[in-house]
Every structure is written in structure tokens, then in C-alpha cells.
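The chain contents come next:
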Amino acid sequence: MKNNKWFDKAPDRRGTGSYKWDSASDPDVIPLWVADMDFKTAPAVDEALMKRVEHGIFGYTLVGEAYYDALKGWFRSRHGYDIDTKNVIYTSGVVPAISAIIKALTKPGEGVIVQTPVYNCFFSSIRNNGCRLEDAPLSRVNLEGGQFTYKMDYEALERAAAKEDVKLMLLCNPHNPAGRAWTREELAKVAEICRRNNVTVVSDEIHCELTMPGYEYVPYGTVDTSSIVCLSPSKAFNTAGLQIANIVCPNSEIRARVDKAININEVCDVNPFGPVALIASYSEEGKEWLDALREYLSENYTMLFDLFHKELPECPVTKLEATYLPWIDVTSLHLNSTEIEEEILKEAKVWVNCGDMYGTDGYIRINIACPRERLAEGLRRVIKWIKEHRSVE
Ligand SMILES: Cc1ncc(COP(=O)(O)O)c(C=O)c1O
């Protein structure tokens, strides 16, 4: 049974202090950029938060047993990932987690591996800790039928990992914006290369719940127990502003160093709503809503793909295995993607993300997590704009 009632209509977000919506002053702009969703969170999360608000006291927060039970129960039953909760450090977000982990495990000047195109905050976290970005880019693979995908370039990864001063790899699993849900074989190969070269892998799994039908999220922690895994329900349940995330780190010596860095960076405290939202998300009711969301997102993706394939076959789209962030090749426009973002915003009144933000020019990223009607209008405008500019050489 379809539960589009949760997703076909969405409250107006303008004037709510929304980064995604209130950054554009023009009220006609459709924002399909920042990675949050225009849907209300799951009813179970909403209700739990309202109950907490009714209490009326919002002092310093302790994360209790129910929190760890919810985390452990969810990952074991849904993903076959057995988390020993004594290995968990909670913090105020995945980006704060990554930044603290880099601080804990590197010295300024050392290299940190990423696989571009990749989530832009990886770049800033590396830079802000005085480290050097060591790119082992993904390889693009063209598929039949107007899609493309990415695979890991193990030789590039091997070359990067072998460098004397490279200590850490930031893995994005599933990958934003490549749309890949990495397979167990691919992850095992990463683990093997990094282990052999004494590189610790930090796996950012914030998109792990958002797999498309037929694709599975493989927790990196089930492949490599010497790794550090970062988790949060925030992408899947649309609660990024509540700032709650978990670091799973089985190695006690590394965990102590990460814990210290979390304290030094002053990101060891969370607000009272984050744990409440997490517990309600990782529940039976949360599961029902999440599965309906995944179905809706998959239909939104199909709509986007069909439109691009029919109207703009020269602009291939990634095969989306996970996330709600399809990545589209607009190299045929022969324009810099920052210019494309600016022009589409100004002329078509749709805000998309430019590819160079993720380290690869010539692409745009479109957030499809909004009511289908709104997405259809946004895509109509983007496609019209591209058609009008495609003669540019
Ligand atoms: C791969 C990835 N990691 C982390 C984040 C943000 O994490 P947080 O809001 O918990 O800091 C995002 C947001 O888009 C993301 O795509």
C-alpha cells in the first residue's frame, strides 16, 4: 500500500529559518540543493518531540540506555550490524565527528584520502585540520540506456595509501554524490588496501537508510573492525537540525584519542531533542515511514531519469543506488558548473548544486526529496534552461 500522504504535500518552509529555502530572497525559486528533505519527519518522531517540548525544561542532556538500545537494535535487525555500544561516542553531527577524527589521527601536513566527486565538507574538514587532501578519484563507467555510474579505482587508492604521510581515508558509504551503495566485495578491497598500508578508514554512513529498491547498504564495520564508522538517522528522518550522530570505534586506543578530540573541539554535548528523535526514528513506526519514503524517492528518481533521458539524452544521469541526490552530466553545455548553478538560479529560478563543489566540474546535483509535483516543475524549468543553452560551444 502506498503512503504518499506523507510525501505528496509538504508544509511551506519559507520563513522558518530554513537554510535551503530562506537563502534565496526570490520567492519563486524552487530549492533543489542542500541535502535535507521537504517532507515532515516520521509521525513517531514528531510525536516524541512534541511530548518532549511539552515537558518545558531543556537543560543539559544525558544520553541514556534507551538511546543505545535503539541504536543497537536498529542496526542489528535492519542491517545485520552488531554494534557494541561501549564502542560508541555520540556527538553533534557527522561533520563534527569527521573533523574530530582527523584531528585525533593525523598531524598537520599529513594526507587524507578521499574519492572525488565527494561530499564537500570532507574537503573543509581536511583543510581546517591543516591536512593535505589525497585524491583517489572514482572512475566513471557509462551504462547503456542513458545512465552512468562510478567504480572504485583500486590502483589510484593503492598509490594514495602507499604514500608515507597518508594515515586516513574518508569513505562515503553510500556515496554522495556518486549514488553508489558499495558492495561487500568493493568494501573488502578498500579494507585490504588500507590495512596493508596502515591507513585507518573512516566510513561516513549518514545516507545508509536511503537505498533504492534492489540495493543494499553494507555497513563498513561488518567488513573492517579496525575502522571508524559515523552514523546518524538525520538524513533519512529529516532531522539534520537536531544535530545528533554516533561514532562507532571498536579499537579502544583509537577511541580514546577520538573521544579526546571530540572534547577538545567542544562537540561532546548534544541538545535534548537529538536523542529523542533518534530513539523514535529507530523504531517499528520509524521503519514503516522510512520504507514508504524510500519508495517515494525511488519514484521521484524514475521521473527525473525518464525526463532527462527523453528530453536531454546528451545529459546522462547517475544510476541511483542510494541517497536522494542524483548527479547529472552537463559537460555537453561546455560551461563551468558554478556558472551553470548561478544561471539556472537566476534565469530558471531553480537552485541546484554545481559539481565543482564536490571536486568534479561539468555536473550538477539535484535533490529529489520533495513532493513530486514540485520536483516536476523544478525539472521542467531546468530542462527548458538546458535546452535553451545547449547550442553554446
Ligand atoms: C556524506 C555526508 N556526510 C555528512 C553530512 C552532514 O552531516 P551532519 O549534518 O551530521 O554534520 C552530509 C550532508 O549532506 C553528507 O552528505
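Quick caveat, the model's predicted, so the values are computed rather than measured.

1. Remarks on the sheet that holds strand β2 (residues 88–91)
1) Next: Strand order in the open sheet formed by 7 strands is β2-β10-β9-β8-β7-β3-β4, and the pairing between neighbours is mixed. At either margin of the open sheet sits one strand with a lone partner, and together these are β2 and β4 (132–135). When strand polarity is set aside, the average angle formed by the axes of neighbouring strands in this sheet is 25 degrees.
2) Next: Of the pairings in the sheet, the one linking strand β7 (residues 166–172) to strand β8 (residues 200–204) comprises 5 bridges and is parallel in character. Looking at β8, one finds that Cys 172 is bridged to Asp 204.
3) Next: Set on the sheet, helix α3 (residues 65–79) makes contact with β2, β9 (228–231) and β10 (245–248); between it and β2 the angle comes to about 115 degrees.

2. Some thoughts on the pattern of salt bridges
1) Next: One pass over the full model with this rule turns up 35 salt bridges.
2) Next: A salt bridge links Arg 13 to Asp 36, with the shortest nitrogen-to-oxygen separation between them at 2.8 Å. In this pair, Arg 13 is assigned in the segment before α1 (19–22) and Asp 36 in the loop between β1 (30–31) and α2 (43–55), connecting sequence segments 23 residues apart.
3) Next: Since its relative accessible area comes to 16%, Asp 36 is described here as buried.
4) Next: A single network of salt bridges, built from pairs that share partners, joins Arg 13, Lys 20, Asp 36, Asp 38 and Arg 374.

3. Topic: the packing of helix α6 (residues 154–162) against helix α7 (residues 184–196)
1) Next: Taken N-terminus to C-terminus, the directions of α6 and α7 make an angle of 25 degrees; their axes are 9 Å apart at the nearest point. With respect to α7, the element α6 is oriented roughly parallel. Seen along the crossing, α6 lies across α7 with a hand that is right-handed. In contact with Tyr 154, Leu 157, Glu 158 and Ala 161 of α6, α7 contributes Glu 186, Lys 189, Val 190, Ile 193 and Arg 196.
2) Next: Class assignment for the residues of the contact of α6 with α7 results in 5 nonpolar, no polar and 4 charged.

4. Concerning helix α9 (residues 252–264)
1) Next: Here α9 contains 13 residues, and its C-alpha end-to-end distance of 18 Å stays within 8% of the 18 Å for a straight helix at 1.5 Å per residue.
2) Next: Looking at the packing, one finds that the buried side of α9 touches β2, α4 (94–105), β9 and β10.
3) Next: Measuring from the backbone nitrogen of Glu 253 back to the side-chain oxygen at the start of α9 gives 3.0 Å, which picks out Asn 251 as the cap.
4) Next: Looking one or two places after α9, you find Glu 266, whose phi comes out positive at around 55 degrees.

5. Regarding the layout of surface pockets
1) Next: Size it by volume and the largest pocket reaches roughly 1200 Å³.
2) Next: Ala 35, Asp 36, Asn 238, Ala 240 and Gly 241 are, among the 45 residues lining the largest pocket, the residues nearest its centre.
3) Next: Of all the secondary-structure elements, those providing two or more residues to the lining of the largest pocket are α1, α2, α4 and α8 (234–237).
4) Next: If one sorts the elements of the lining of the largest pocket by residue count, α4 sits on top with 3 residues.
5) Next: Along the lines of polarity and charge, the residues of the lining of the largest pocket split into 20 nonpolar, 15 polar and 10 charged.
6) Next: Here the lining of the largest pocket spans two domains, and each of domain 1 (4–43 + 285–389) and domain 2 (57–283) adds at least three residues to it.
7) Next: By volume, the second largest pocket amounts to about 220 Å³.
8) Next: Taken together, Arg 52, Gly 59, Tyr 60, Thr 61, Leu 62, Val 63, Gly 64, Tyr 67, Pro 272, Pro 275, Val 276 and Ile 279 form the lining of the second largest pocket.
9) Next: Looking at which element gives the most residues to the lining of the second largest pocket, the answer is helix α10 (residues 273–281), with 3 residues.

6. Observations regarding the site of the ligand
1) Next: Close to the ligand lie Ala 35, Gly 93, Val 94, Val 95, Pro 96, Tyr 119, Cys 172, Asn 176, Asp 204, Ile 206, His 207 and Lys 235, which account for all nearby residues.
2) Next: Within the backbone of Val 95, a nitrogen or oxygen atom sits 3.0 Å from an oxygen atom of the ligand.
3) Next: Using a 2 Å cut-off from the grid points, one finds that the ligand occupies the largest pocket.
4) Next: The biggest single contributor to the shell around the ligand is α4, with 3 residues.
5) Next: A per-class count over the shell around the ligand returns 7 nonpolar, 3 polar and 2 charged.

7. Observations concerning the domain arrangement of the protein chain
1) Next: You can read the domains of the protein chain as domain 1 (4–43 + 285–389) and domain 2 (57–283).
2) Next: Each partner contributes to the interface: domain 1 provides 38 residues, whereas domain 2 provides 39 residues.
3) Next: Of the roughly 3500 Å² buried between domain 1 and domain 2, counting both surfaces, carbon and sulfur atoms make up 55%.
4) Next: Summed over the shared surface of domain 1 and domain 2, the result is 3 salt bridges.
5) Next: Taking the shortest distance from any N to any O, the salt bridge between Arg 180 and Glu 321 comes out at 2.8 Å.
6) Next: Run the count over domain 1 and domain 2 and you get 26 residue pairs in polar contact (both at pLDDT 80 or more).
7) Next: Elements supplying a minimum of two residues to the side of domain 1 that touches domain 2: α11 (284–311), β11 (317–318), β12 (327–329) and β15 (363–365).
8) Next: For the side of domain 1 that touches domain 2, the leading source of residues is α11, giving 13 residues.
9) Next: Among the residues forming the side of domain 1 that touches domain 2, the class breakdown is 20 nonpolar, 8 polar and 10 charged.

Cut-offs applied
- One numbering rule holds for all chains: residues counted from 1, following each sequence as written.
- Restriction of local features to residues with pLDDT of at least 70 applies here, the model being predicted, together with a cutoff of 80 or more for giving and counting side-chain atom pairs; totals for whole chains, interfaces and linings are based on all residues.
- Processing note: side-chain calculations cover all non-hydrogen atoms of the structure and skip hydrogens and water entirely.
- Two strands form a pair only when DSSP identifies at least two bridges running between them.
- Note on conventions: DSSP H or I runs of at least 4 residues are helices, E runs of at least 2 residues are strands, and numbering of each starts at the N terminus.
- Inter-axis angles, ranging from 0 to 180 degrees, are taken between N-to-C directions of lines fitted to C-alpha atoms, where helices are fitted over the stretch in contact.
- Working rule for contacts: check all heavy atoms of both residues, and any pair within 4.5 Å makes them a contact.
- The term salt bridge refers to a pairing of a side-chain nitrogen on Lys or Arg with a carboxyl oxygen on Asp or Glu at a separation within 4 Å.
- Only protein chains enter the accessibility calculation, which uses a 1.4 Å probe. A residue is then buried if its area is under 20% of the maximum for its type, exposed if over 50%, and partly exposed in between.
- By the definition adopted for this analysis, an angle is roughly parallel if under 35 degrees, roughly antiparallel if over 145, roughly perpendicular if from 65 to 115, and oblique otherwise.
- By convention the crossing between two helices is left-handed if the near helix lies anticlockwise of the far one by an angle smaller than a right angle, and right-handed if it lies clockwise.
- Asp, Glu, Lys and Arg are counted as charged, while Ala, Val, Leu, Ile, Met, Phe, Trp, Tyr, Cys and Pro are counted as nonpolar; the rest, among them Gly, fall into the polar class.
- Multiplying one less than the number of residues by 1.5 Å gives the expected span of a helix.
- Polar contact is the term for a pair of N or O atoms within 3.5 Å; when the atoms are in protein, one must be able to donate a hydrogen and the other to accept it, and sequence-neighboring residues count only if both atoms are side-chain atoms.
- Only protein atoms enter the 1 Å grid used here. Points where a 1.4 Å probe fits but cannot escape make up a cavity, open sets with protein on both sides within 12 Å along at least five of seven lines make up a pocket, and a residue lines them when an atom lies within 4 Å of a point.
- Grid points are joined across faces, edges and corners, and a volume is the space filled by probe spheres set on the points.
- All domain edges in this entry derive from an automatic or database-based domain assignment.
- Throughout this document, a residue counts as near a molecule or strand when at least one of its heavy atoms sits within 4 Å of that molecule or strand.
- More than half of a molecule's atoms lying within 2 Å of a cavity's or pocket's grid points is what places that molecule inside it.
- Using a 1.4 Å probe, buried area is obtained as the accessible area two parts lose upon being combined, added over both of them.

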